[in-house]
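# Architecture at a glance
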Amino acid sequence: MAAAIVAASTLACSNGAEADAGSARSDFVIDAAGRTVAIPTSLDGGIVAIGSAGPLRFLSLFDAFERVIEVDKGDVTDGKHGRAYSYAYPYDEFPADRYHADNKLEAETVERIAAREPSLIVVQKSVYDGFKDHCELLAARFPVLVLPAQSLTELWDEGYELAPWYRDAVRMLGAALGAEERADGHIRDMNALLADVRSLVGSSDEPLYVAGLTWQGSNELTTTFPIYLPLALAGGRNAYAGSELGRVIMDVEAIAELPMDRMVIDPSSADKLSTPNSQLILAWLYGRNNDEDPSNDIRIFITLPMVWDGANYDCVIAGSYYFTKLLYGALDDAALESKIEGVFRAFYGERGSAVYPAMKAFFEAKSRAHGVELPLLGEARVERVGALYRLSAK
């Protein structure tokens, strides 16, 4: 029984602390659930990450790979897609006894984690909310740190400084890991990156339709986000001007009425380009781009993916550099790739240099597997092959 683990209780965490999330004393940190969490005196027992949208992403900022002993299954078995940290660190090499069910904390998992006697457990807020009793069973013996919920629409404030929730996540984790200097350094790096992107923003009133965006897996070309962080940071606007905060699935006919000269596609959608809706859009693009009027052509570009198991904020920044190139011609190809490498190095140090090439290779392979070509940071065109339409590199 999961409750049996409390018998050897050595640590206690309390709720209702009168402090802000992320604040720390010498021995404790306040987490996103308002709990007072004891800072481990050692990390020799290892770290467990619970939840696929946040814990491992933020732990990877601290070069904690060697300390991580158990993660969600998807971080090991699923395709890496836009999870940049999965290219920086080989979590996919973990054996089956080092992962548990995604976004759950069931009794069996509680018992197995307890048997490991970890030094620290880092939990996604939604998992804590859904499995609070089981989290608190573990917290009776081990430090359990709940991270703030990630946001798909908020990464900076009105002055383009890093959003408070993100700062809190980094600082509370830095305190728990005894890595406050790294936490402060990452926050400075993020603010510098945000400022650098904004320095490249010029003047453009051209709306772009951003298509095939990821939400709970890959999606058709009818899927977009009214607030798409990479485009917003670059000062651009989506041709779809709705006010929704989450995913929008549009009618094909409505997309054909959008005011746009360019479409930007998330490469994660490579496996959804043969669906009826995506085929209708590709057929429309093919007809429009192959008629006798070149002035109505719609060029097609492939961006970096932003979402896979939550937002990947490194890809938000990297993708925003790409939009400054598309919208303002702010960067040539060499400068763009240098900026992108700099983003990933800011997140993962020397390991960051390999992230973009590996991500590019992943999407080249995924595209080939589905009979299409979606070149990252490149341009594509629609071809007709028999009764089907496909994207190929231009």
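Procedures and definitions
- Within each chain, residue numbers correspond to sequence positions counted from 1 in written order.
- Only residues with pLDDT of 70 or above have their local features reported here, since the model is predicted, and side-chain atom pairs are shown and tallied only from 80 upward, although totals for entire chains, interfaces and linings are computed over all residues.
- Only hydrogens and water are set aside when side-chain values are computed; all heavy atoms of the structure are taken into account.
- Each helix corresponds to a stretch of at least 4 residues labelled H or I by DSSP, and each strand to a stretch of at least 2 residues labelled E; elements are numbered beginning at the N terminus.
- By definition here, a helix of n residues has an expected span of 1.5 Å times n minus one.
- Exposure classes here rest on a 1.4 Å probe applied to the protein chains alone. A residue is buried below 20% of its type maximum, exposed above 50%, and partly exposed in between.
- Two strands pair under a simple rule: DSSP has to find at least two bridges between them.
- Between two residues, a contact is recorded if the distance between any of their heavy atoms is within 4.5 Å.
- Axes here refer to lines fitted to C-alpha atoms; in helices the fit is confined to the stretch in contact. Angles between the N-to-C directions go from 0 to 180 degrees.
- By salt bridge we mean one thing: a side-chain nitrogen of Lys or Arg within 4 Å of a carboxyl oxygen of Asp or Glu.
- Handedness rule for crossovers: strands pointing away from the viewer, path from the first strand over the helix to the second running clockwise, crossover right-handed.
- What counts as a ring pair is set by centres within 6.5 Å for rings of Phe, Tyr and Trp (its six-membered ring), and what kind of pair is set by the plane angle: stacked under 30 degrees, edge-to-face over 60, tilted for all other angles.
- Placement of a positive charge over a ring is assigned whenever Lys NZ or Arg CZ falls within 6 Å of the ring centre and within 35 degrees of the normal to the ring plane.
- Two kinds of site are reported from a 1 Å grid over the protein atoms alone, namely cavities, where a 1.4 Å probe fits but cannot get out, and pockets, open sets with protein on both sides within 12 Å along at least five of seven lines, and residues are called lining when an atom falls within 4 Å of a point.
- Grid points are joined across faces, edges and corners, and a volume is the space filled by probe spheres set on the points.
- When residues are sorted by character, Ala, Val, Leu, Ile, Met, Phe, Trp, Tyr, Cys and Pro go into the nonpolar class, Asp, Glu, Lys and Arg into the charged class, and all the rest, Gly among them, into the polar class.
- Every angle not falling under 35 degrees, over 145, or within 65 to 115 is termed oblique; those three ranges are roughly parallel, roughly antiparallel and roughly perpendicular.
- Here is the rule for handedness: rotate from the far helix to the near one, and if that takes an anticlockwise turn smaller than a right angle the crossing is left-handed, while a clockwise turn gives right-handed.

### Thoughts on unusual backbone geometry
- We note that aspartate 63 has phi near 55 degrees; this positive angle belongs to a residue other than glycine.
- The residue tyrosine 160 is not glycine, and still its phi comes out positive at about 60 degrees.
- Looking at the element boundaries, tyrosine 160 is found in the loop between strand 7 (144-147) and helix 7 (164-177).

### Some remarks on helix 8 (residues 180-199)
- Counted at 1.5 Å a residue, the expected span for helix 8 with its 20 residues is 28 Å, and the 29 Å between its end C-alpha atoms agrees.
- Listed as buried for helix 8 are Ala183, Gly185, His186, Ile187, Met190, Asn191, Leu193, Leu194 and Val197.

### Points about the sheet that holds strand 6 (residues 120-124)
- The sheet built from five strands is open, its strands ordered 5-4-3-6-7 with parallel pairing. Of all the strands in the sheet, the pair left with one neighbour each is strand 5 (99-100) and strand 7.
- Direction of pairing for strand 6 relative to strand 7: parallel, over a ladder of four bridges. What sits directly across from valine 122, in strand 7, is leucine 145.
- Contacts from helix 4 (residues 107-116) reach strand 3 (47-50), strand 4 (68-72), strand 5 and strand 6, with the element oriented near 170 degrees to strand 4.
- Sheet contacts for helix 7: strand 3, strand 6 and strand 7; angle to strand 7, the most-contacted strand, approximately 165 degrees.

### Thoughts on the pattern of salt bridges
- Within the structure shown, the criterion is met by 21 salt bridges.
- Of the charged contacts, one joins glutamate 106 and lysine 104 as a salt bridge, the two residues approaching to 4.0 Å between their closest N and O atoms.
- On the basis of relative accessible area, glutamate 106 is assigned to the partly exposed category, the value being 39%.
- Here glutamate 206 makes a salt bridge to arginine 262, at a shortest N to O gap of 2.7 Å. Separated by 56 residues along the polypeptide, glutamate 206 in the loop between helix 8 and strand 8 (207-211) and arginine 262 in strand 12 (residues 262-265) bring together distant segments of the chain.

### Digging into helix 12 (residues 313-328)
- Look at helix 12: 22 Å from first C-alpha to last across 16 residues, which is about the 22 Å you get at 1.5 Å a residue.
- Of all 16 residues in helix 12, 15 are buried, a share of seventy percent or more.
- Note on helix 12: the residue one or two positions beyond its end, glycine 329, has a positive phi of about 65 degrees.

### Some points on the pairing of strand 13 (residues 299-302)
- By the bridge criterion, four bridges tie strand 12 to strand 13 in an arrangement that is parallel. Counted as the bridge partner of isoleucine 265 is isoleucine 302 from strand 13.
- Taken together, strand 12, helix 11 (residues 276-289) and strand 13 form a β-α-β motif whose crossover is right-handed.
- Sheet analysis places strand 13 next to strand 14 (residues 379-385), joined by two bridges and oriented antiparallel. By the bridge assignment, isoleucine 300 is partnered in strand 14 with alanine 380.

### Structural notes on the packing of aromatic side chains
- Counting across every chain of the model gives 20 aromatic pairs.
- Both rings, one in tyrosine 166 and one in tyrosine 313, keep their centres 5.6 Å apart while their planes meet at 90 degrees; by these two values the pair is edge-to-face. In this pair, tyrosine 166 is assigned in helix 7 and tyrosine 313 in helix 12, connecting sequence segments 147 residues apart.
- Relative accessible area serves as the criterion here: at 2%, tyrosine 313 is assigned to the buried category.
- By the ring-pair criterion, three or more aromatic residues cluster together here, those being Phe65, Tyr85, Tyr89, Tyr91, Phe94, Phe347 and Tyr348.
- The ring of phenylalanine 94 carries the charged tip of arginine 98 above its face, separated from the ring centre by 3.7 Å.
- Across from the ring centre of tyrosine 160, 3.9 Å away, lies the NZ or CZ of arginine 198, which sits over that ring.

### Considering the pairing of strand 14
- Summarising the sheet, strand 14 and strand 15 (residues 388-393) pair through six bridges and their orientation is antiparallel. In the strand pairing of strand 15, valine 382 is matched with leucine 391.
- Between strand 14 and strand 15, which pair antiparallel one after the other, the connecting turn spans two residues, and glycine 386 there sits at a positive phi close to 65 degrees.

### With respect to empty space enclosed by the protein
- Per the counting criterion, the structure on display carries one cavity of 30 Å³ or more.
- Empty space within the largest cavity amounts to approximately 40 Å³.
- If you go around the largest cavity, the residues you meet are Arg57, Phe58, Leu61, Tyr166, Tyr313, Asp314, Phe347 and Tyr348.
- Looking at the lining of the largest cavity, the elements that each hand over two or more residues are helix 1 (55-59), helix 12 and helix 13 (333-348).
- Among the residues forming the lining of the largest cavity, the class breakdown is six nonpolar, no polar and two charged.

### Let's talk about the packing of helix 8 against helix 12
- One way to put it is that helix 8 packs onto helix 12 with a least axis distance of 10 Å and a crossing angle of 15 degrees. When the interaxial angle is binned, helix 8 and helix 12 end up roughly parallel. Seen along the crossing, helix 8 lies across helix 12 with a hand that is left-handed. Judged by residue contacts, Met190, Leu193, Leu194, Asp196 and Val197 of helix 8 engage Ile317, Ser320, Tyr321 and Thr324 from helix 12.
- Taken together, the residues that form the contact of helix 8 with helix 12 break down as six nonpolar, two polar and one charged.

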